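Overview (structure and organization)
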Amino acid sequence: MKKILLDYDFNQLKNYLLEIGEKSFRAKQIFCDLHLNKSINDITVLPKNLREKLLDEFVDLPVKIIKTLKSGDGTEKFLFSLYDGNVVEGVLMKYKYGYTLCVSTQVGCRMGCKFCASGLNGLIRNLSAGEMLGEVVAVNSYLSGGLKDKRKVINVVLMGSGEPLDNYDNTVKFIKLMADENGINISPRNVSLSTSGLVNKMYDLANEDLPINLTVSLHSPFDEKRLEIMPVAKKYSIKEILGACDNYFNKTKRRYIFEYVLIKGQSATKECANELIKILKGKPCHVNLIRLNEVKENNLSGISDKEAYVFLGLLEKGGLSATLRRRMGADIDGACGQLRQRYIEEMEN
Ligand code: SAH
Ligand code: SF4
């Protein structure tokens, strides 16, 4: 099977070139051009025989944009095809200071959260580090961005399909690849990783010495209620999650964020707000309230904007730092996994 050249870090690329009898200065040319999303054929500074050798051994452009959908609010959704025909999605959000890209880390997900479209068919496979990087460089090039300070994608969030900490090694490698000064050079400080709360991996992450932003999908302050919507709650209690968050803060000195989806009669009750205040008050954290993107495959409902602001008010009054995330891309199946699900259904019909 062909390999993926974007999986190689700078040193691996250099060593590979030396192994096949090439000069190591070629590494910089290849690394830069791959981070510019160039086809191997288009790296014309390379002699033709080297290009041919690379094309024999590696997949050319392993991640391709096959569909884009623009939302009325400027959010843009991408469907990427992978070398084996699988598809994943990404969402691009435009802020005042630049673009933030949300990337997928797995095809599907095995965590099975009830409200999420990504987990409907379980996990299909992990993405490699180079495939995750492929999503970033494909969109950066789509925006006519370059490398380093010429890049257009400024921030990356790992909130597309998949549980990044269930694909730990590839995810950490991806973050390091993005940070390489020879390539697109996105600093870990501009990367946010969202997890459903895989406690043991959260401890590992704290030891990586990567200053990324940690986000945890909490979605309920009560273990039993959380278990109703998140099977992973069977494995790790909220107390254990909070312990791992404290450890993350102690090690990295970085504030962490809780994601909290507002589900009618489930997570959006007054009791939940009060309990959240009780367990989170005084912690170096921020709560990001999210409106539920209703997925037709389940029967969960969201709450009205008015009710969402009441919930937010309760948290703020209780002394928590909290915001209600602006609704983005709701008209283009903005939620995690929804577009891919729609695409698969269309292909089957
Ligand atoms: N697996 C990771 C990251 C990907 S999901 C995680 O669960 O954190 C990114 C975020 O989208 C999570 O907070 C997740 O709970 C949320 N999400 C998933 N489905 C959603 C939906 N239908 N509506 C709103 N948010 C959703
Ligand atoms: Fe997986 Fe995250 Fe979706 Fe849960 S919310 S099924 S962990 S992608």
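Just so it is clear, the structure is predicted and the values come from calculations on it, not from any experiment.

Another point: the packing of aromatic side chains. Summed over all chains, the structure comprises 9 aromatic pairs. Note on Y8 and Y16: the rings are 6.0 Å apart at their centroids and 80 degrees apart in plane angle, and the pair reads as edge-to-face. Residues Y8 and Y16 agree in their burial class; the two are buried. Ring plane angle 10 degrees and centroid distance 6.1 Å describe the contact between F78 and F80, whose orientation is recorded as stacked. For the residue pair F78 and F80, the accessibility class agrees, reading buried in each case. One aromatic cluster is present, built from ring pairs that chain together Y8, Y16 and F58. Its end group placed over the ring of Y168, K201 keeps NZ or CZ at 5.3 Å from the ring centre.

Here we come to the site of ligand 2. Near ligand 2 there are 10 residues, and of these C109, M111, C113, C116 and G162 occur at the shortest range. Across the shell around ligand 2, the residue classes break down as 6 nonpolar, 3 polar and 1 charged.

Looking now at the site of ligand 1. For ligand 1, the set of nearby residues contains 21 residues, the closest of which are F115, S194, S217, H219 and N293. E163 places a polar side-chain atom, nitrogen or oxygen, 3.4 Å from a nitrogen atom of ligand 1. Considered on its own, ligand 1 offers 530 Å² of accessible surface; in the complex 94% of this is hidden by protein. Counting only elements with at least two residues in the shell around ligand 1, the list comes to β8 (191-195), β10 (256-262) and β11 (285-291). Each residue belonging to the shell around ligand 1 can be placed in one class, and the counts come to 10 nonpolar, 8 polar and 3 charged.

Our focus in this paragraph is helix α5 (residues 168-179). When the terminal C-alpha atoms of α5 are compared, their 17 Å separation across 12 residues agrees well with the 16 Å that a helix rising 1.5 Å per residue should span. Those residues of α5 that sit buried are Y168, T171, V172, F174, I175, L177 and M178. Looking at the buried residues of α5, the elements they touch are α2 (26-35), α4 (129-142), β7 (153-158), β8 and α6 (199-206).

Right, let's get into the domain arrangement of the protein. Its domain assignment divides the protein into domain 1 (3-59) and domain 2 (63-348). Spacing between the C-alpha centres of domain 1 and domain 2 amounts to 32 Å. Across the boundary between the two partners, domain 1 contributes 15 residues, which contact 19 residues of domain 2. For the pair domain 1 and domain 2, the two sides together bury roughly 1400 Å², of which 62% comes from carbon and sulfur. Where domain 1 touches domain 2, the interface holds 0 salt bridges. Elements supplying a minimum of two residues to the side of domain 1 that touches domain 2: α1 (10-19) and α2. Here the side of domain 1 that touches domain 2 gets 5 residues from one element, more than from any other, and that element is α2. For the side of domain 1 that touches domain 2, the per-class residue count stands at 9 nonpolar, 3 polar and 3 charged.

The subject of this paragraph is the layout of surface pockets. Over the atoms rolls a probe the size of a water molecule, and its path tells where empty space is left. Approximately 270 Å³ is the volume attributed to the second largest pocket. In terms of lining, the second largest pocket is formed by 13 residues, of which the most central are R110, M111, D166, L198 and K235. Of the residues contributing to the lining of the second largest pocket, the split by class is 7 nonpolar, 2 polar and 4 charged.

Attention now goes to empty space enclosed by the protein. Inspection of the entire model under this criterion finds 1 cavity of 30 Å³ or more. In this structure, the largest cavity spans a volume of roughly 100 Å³. If you trace the largest cavity, you find 13 residues lining it, with L6, L34, K38, L61 and P62 closest to the centre. Across the lining of the largest cavity, the residue classes tally to 9 nonpolar, 2 polar and 2 charged.

Before going further, it helps to examine the pattern of salt bridges. Scanning the entire structure with this criterion turns up 15 salt bridges. For K77, the salt bridge is made with E89, and the minimal N-O distance between the two is 2.8 Å. One end of the pair, K77, is in strand β2 (residues 76-82); the other, E89, is in strand β3 (residues 87-95), with 12 residues separating them in the sequence. Residue E228 is joined to K225 by a salt bridge in which the shortest nitrogen-to-oxygen separation is 3.8 Å. With E228 and K225 both in helix α7 (residues 223-229), this residue pair falls 3 residues apart, about one helical turn.

In this section: the pairing of β11. Of all 7 residues in β11, 7 are buried, a share of seventy percent or more. Burial along β11 is two-sided: C285, V287, L289 and R291 and H286, N288 and I290, pointing in opposite directions, are all buried. The sheet contact formed by β10 and β11 spans 7 bridges and is parallel. The residue of β11 that forms the bridge with E259 is N288. Where β11 and strand β12 (residues 322-324) come together, 3 bridges link them in parallel fashion.

The rules behind the values
Residues numbered from 1 in each chain as written. Chains lettered and ligands numbered in written order. Predicted model: local features only at pLDDT ≥ 70, side-chain atom pairs only at ≥ 80, totals over all residues. Heavy atoms only, no water. Phe/Tyr/Trp six-rings, centres within 6.5 Å; stacked < 30°, edge-to-face > 60°. Buried < 20%, exposed > 50% of the residue type's maximum accessible area, 1.4 Å probe, protein only. Lys NZ or Arg CZ within 6 Å of the ring centre and 35° of its normal. Near = heavy atom within 4 Å. Nonpolar A, V, L, I, M, F, W, Y, C, P; charged D, E, K, R; others polar. Polar contact = N/O pair within 3.5 Å; in protein donor to acceptor, adjacent residues only side chain to side chain. Areas by Shrake-Rupley, 256 points an atom, 1.4 Å probe, with all protein chains shown as cover. Helix = DSSP H or I, 4+ residues; strand = E, 2+ residues; numbered from the N terminus. Expected span 1.5 Å × (residues − 1). Contact = heavy atoms within 4.5 Å. Domains from an automatic or database assignment. Buried area = accessible area lost by both parts, 1.4 Å probe. Salt bridge = Lys/Arg side-chain N within 4 Å of Asp/Glu carboxyl O. 1 Å grid on protein atoms, 1.4 Å probe; cavity = no way out; pocket = protein on both sides within 12 Å on 5 of 7 lines; lining within 4 Å. Points joined across faces, edges and corners; volume = space filled by probe spheres on them. Pairing = 2+ DSSP bridges.

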